[in-house]
Amino acid sequence: MDFDQYEHCDRRQDSSCIEGVSEIDLLIPPDLDSQERRLLRKLDGRILPILCLLYLFAYLDRSNLGNARLQGLPQDVLGGDPTGVLFDWVNSAFFFTYILLQIPFTVLSKYYNPRIWIGCSAILWGICSTSMATAHTFTGLMIARLGLGTFEAAFGGAVVLYFSFYYTKAECGTRIAYWFGFAAVAGAFGGLVAHGIQHVKAPIANWRLLFLLEGTPTILLGLFCLFMLPDRPESTQFLTAAERKIAISRMNRGTSGDFGAVVRRSHVIAAFQDWRIYVGGVIYFGLNCALASLSAFLPTIIGTMGHENAMAQLMTVPPYAMAGFVLMVASYSSDRLQIRGPLLVCTSAIGGLGYMILLGATHQQDLRYGATFLVTSGTYASIGLMNAWSTNLGSETKRAAGIPLYGAIGQCGGILGSHLYPLTEGPAYTSVSASLLFLAALCALLLSVSFRLDNMQRDQQYGKPDPNDMVDTSELADKAPGFRYVP
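These figures come from a predicted structure and were not determined experimentally. (Residues numbered from 1 in each chain as written. Predicted model: local features only at pLDDT ≥ 70, side-chain atom pairs only at ≥ 80, totals over all residues. Heavy atoms only, no water.)

Attention now goes to the overall build of the chain. Along its length, the chain carries 19 helices and 0 strands. For the chain, the residues scored as buried account for 61% of the 487 residues in total. (Helix = DSSP H or I, 4+ residues; strand = E, 2+ residues; numbered from the N terminus. Buried < 20%, exposed > 50% of the residue type's maximum accessible area, 1.4 Å probe, protein only.)

In structure tokens form, the structure reads like this:
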């Protein structure tokens, strides 16, 4: 099917232009509830394990520099790097390509089969990650990190978009939390792996072994994804014909999904003109600044408390475990209550409070360690809630442009976060992360109030819609009269 056919494939005009899908596919079976529950279990059993494991290794591959630093990478490759500046640049190189390519890659992903796009991305970033084990110069590390950022840019936004193909607004938050929660699992798992490798007697440096052991599984998972991840609902062979009907009706619940490889140019433009996406970018900037500094420097921060390197690796595990638990609770509550903003305000403020304690209690080690639990829990829960807010963009194309747009703005915070904790300033580190998290809380409050006011205005003008009804967002995206935001 060529581009012109896709461009004009509109369910209001010709839903038969996608093979195997007709008007009957939008009919709802009489025993929808039981069939839908079975379908949801089937989707969760296939989609979530693949994507969660991929994100686990994606996050390990981007954040294991913090562990490698304690295993001698600066001494072997960076000439000792006494100021930590070279390490900061290696860490932040990932974000340069990640930021520049996230928007075009996510929009482009709509033209391709999701399993091919996501699987190939994983294979390529896995190759870049393992190649870091072969680096002998600052330049070699920089090239590998730039490649890692390139191919992870093709992954992140495409996965959040992919979730909207199969999950409703009332389900997306929890599923995105399961997925993003594996970043916290990666933090805990990475600390355990690094602690174990610290004691391995190998013919190569421990940090090189770390990159090999954490990068190779990504390549294998990418190959697995090529064969096992379901395609779009209207074309996947993973579902039966009856299940495809239900899946198509679900993706049109409270909104309207695209059929096939459709990119609506007007919605891309609308995303760049939507002020809320830029406010979301400010929120994401603060959260990613906190997250990037946390991922790369938590072992170092704990090291400033007087612990040996191996113990510092191990002590990073409990804060990440707590972060995963808080993320799941916050996201589940968000889906059940259908609110995002108020919870995001609370979690951002908790993270900011943790950073303030780290800043103020420079000589109270137990209190500082306790503060890392607040930092990890607040930061991870906030990012999960922010990603779930992407359902408010209305249409697939606007999500494809809007998610990476606020993501690209936010990832600039990752570059800043990579430079916030130089060795020369510990343990009295800067308060930038705390300030940005409190700013994120204020912006979340602004967005939540704005969404509520818009919903009230539409309810008064058009009446309250049934949340299960299909809303035609093909022209106006989230501005459609029947569309309602999750505040």
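Our focus in this paragraph is the environment of Thr83. Position of Thr83 among the secondary structure elements: in the loop between helix H5 (73-77) and helix H6 (85-109). Looking at Thr83, its side chain comes within polar contact range of the main-chain nitrogen of Val85, at 3.4 Å. (Polar contact = N/O pair within 3.5 Å; in protein donor to acceptor, adjacent residues only side chain to side chain.)

So, on to the layout of surface pockets. Gaps left between atoms show up when a probe the size of a water molecule is rolled over them. Estimated volume of the largest pocket: approximately 510 Å³. What lines the largest pocket is a set of 22 residues, among which Lys169, Gln338, Asp466, Pro467 and Arg484 lie closest to the centre. For the lining of the largest pocket, the element with the most residues is helix H19 (residues 432-462), which contributes 4 residues. Class assignment for the residues of the lining of the largest pocket results in 8 nonpolar, 6 polar and 8 charged. (1 Å grid on protein atoms, 1.4 Å probe; cavity = no way out; pocket = protein on both sides within 12 Å on 5 of 7 lines; lining within 4 Å. Points joined across faces, edges and corners; volume = space filled by probe spheres on them. Nonpolar A, V, L, I, M, F, W, Y, C, P; charged D, E, K, R; others polar.)

Turning our attention to a nonpolar patch on the surface. Nonpolar side chains collect at one region of the surface, where Leu445, Val449, Leu453 and Met456 lie side by side and expose about 380 Å² of accessible area between them. Assignment of secondary structure puts Met456 in helix H19. (Patch = residues over 30% accessible without salt bridge, like charges linked within 9 Å, V, L, I, M, F, W, Y side chains within 5 Å. Areas by Shrake-Rupley, 256 points an atom, 1.4 Å probe, with all protein chains shown as cover. Salt bridge = Lys/Arg side-chain N within 4 Å of Asp/Glu carboxyl O.)

The next point concerns the packing of aromatic side chains. Enumeration according to the criterion identifies 24 aromatic pairs in this entry. Where Phe180 meets Tyr380, the ring centres are 5.6 Å apart and the plane angle is 35°; that geometry is what we call tilted. Linking Phe180 in helix H9 (residues 169-198) with Tyr380 in helix H17 (residues 365-388), this pair joins segments that are 200 residues apart in sequence. A relative accessible area of 2% places Phe180 in the buried class. Through a chain of ring-to-ring contacts, the aromatic side chains of Tyr55, Tyr59, Trp125, Phe155, Phe163, Tyr167, Trp179, Phe180, Tyr320 and Tyr380 assemble into a single cluster. For the cation-ring pair, Lys42 lies above Phe238, with the distance from its terminal atom to the ring centre recorded as 4.9 Å. Sitting over the face of the ring of Phe87, Arg69 holds its NZ or CZ atom 4.2 Å from the ring centroid. (Phe/Tyr/Trp six-rings, centres within 6.5 Å; stacked < 30°, edge-to-face > 60°. Lys NZ or Arg CZ within 6 Å of the ring centre and 35° of its normal.)

For the rest of this paragraph, the subject is empty space enclosed by the protein. Enumeration over the complete set of coordinates arrives at 8 cavities of 30 Å³ or more. Reported here for the largest cavity is a volume of approximately 180 Å³. Tyr98, Gln102, Tyr284, Asn387 and Gln411 are, among the 17 residues lining the largest cavity, the residues nearest its centre. Those elements that place two or more of their residues in the lining of the largest cavity are helix H3 (32-63), H6, helix H8 (138-166), H9, helix H13 (275-303) and helix H18 (396-417). It is H18 that contributes the most residues to the lining of the largest cavity, 4 residues altogether. Residues of the lining of the largest cavity, tallied by class, amount to 9 nonpolar, 7 polar and 1 charged.

Before going further, it helps to examine unusual backbone geometry. At Asp81, a position not held by glycine, the phi torsion is positive, near 45°. With respect to the helices and strands, the residue Asp81 is situated in the loop between H5 and H6. Under the relative-accessibility criterion, Asp81 is labelled buried at 6%. Even without being glycine, Ala477 reaches a positive phi, approximately 55°. Considering the arrangement of structural elements, one finds Ala477 in the segment after H19.

Taken as a whole and judged by the stated rule, the model has 15 salt bridges. Residue Asp231 is joined to Arg115 by a salt bridge in which the shortest nitrogen-to-oxygen separation is 3.0 Å. Here Asp231 is found in the loop between helix H10 (206-228) and helix H11 (241-251), whereas its partner Arg115 is found in helix H7 (residues 114-131), with 116 residues between them in sequence. For Asp231, a relative accessible area of 12% puts it in the buried group. Linked through salt bridges whose partners overlap, the residues forming this network are Glu36, Glu171, Arg250 and Arg253.

Our focus in this paragraph is the nonpolar core. If you look at the biggest cluster of nonpolar residues, it comprises 101 residues, and the most contacted ones within it are Leu51, Leu54, Phe163, Trp179 and Tyr380. Of all the elements, H3 adds the most residues to this core, at 15 residues. Apart from residues no more than four positions distant in its own chain, Trp179 is found in contact with Leu51, Cys52, Tyr55, Phe155, Gly156, Val159, Val160 and Phe163. Val90, Ala135, Trp207 and Leu209 belong to the second-largest nonpolar core, a separate cluster that totals 21 residues. (Core = buried A, V, L, I, M, F, W, Y, C linked by side-chain atoms within 4.5 Å. Contact = heavy atoms within 4.5 Å.)

To continue, consider the environment of Ala401. Note that Ala401 resides in helix H18. If we skip the residues at most four places from it in the chain, Ala401 touches Val107, Val268 and Ala271.

So, on to the packing of H6 against H18. Close contact between H6 and H18 brings their axes to 8 Å; oriented N to C, the two are set at 175°. In terms of their interaxial angle, H6 and H18 are classed as roughly antiparallel. Of the residues in H18, those touching H6 at Ser92, Phe95, Phe96, Tyr98, Ile99, Gln102, Ile103, Thr106 and Val107 are Ala400, Ala401, Pro404, Leu405, Gly407, Ala408, Gln411, Cys412, Gly414 and Ile415. The class makeup of the residues in the contact of H6 with H18 is 13 nonpolar, 6 polar and no charged. (Axes fitted to C-alpha atoms, helices over the stretch in contact; angles between N-to-C directions. Parallel < 35°, antiparallel > 145°, perpendicular 65-115°, else oblique.)

As a further point, take the confidence of the model for the chain. Confidence in the prediction of the chain, expressed as mean pLDDT, is 86, and 86% of residues score 70 or more. Taking the mean pLDDT of every element in the chain, the minimum, 38, falls on helix H1 (residues 3-7) and the maximum, 96, on H7. A low-confidence stretch, residues 1-29 (pLDDT under 50), is modelled with 55 contacts involving residues beyond four sequence positions or located in other chains. (pLDDT = per-residue confidence, 0-100.)

Take the packing of H9 against H10 next. In contact at an axis separation of 10 Å, H9 and H10 are set at 135° when each is read in the N-to-C sense. Classified by the angle between their axes, H9 and H10 sit oblique to one another. Two packed elements cross with a definite hand, and for H9 against H10 that hand is right-handed. Contacts between H9 and H10 involve Gly190, Val193, Ala194, Ile197 and Gln198 from the former and Asn206, Leu209, Leu210, Leu213 and Glu214 from the latter. Considered class by class, the residues forming the contact of H9 with H10 number 6 nonpolar, 3 polar and 1 charged. (Left-handed = near helix turned anticlockwise from the far one by under 90°.)

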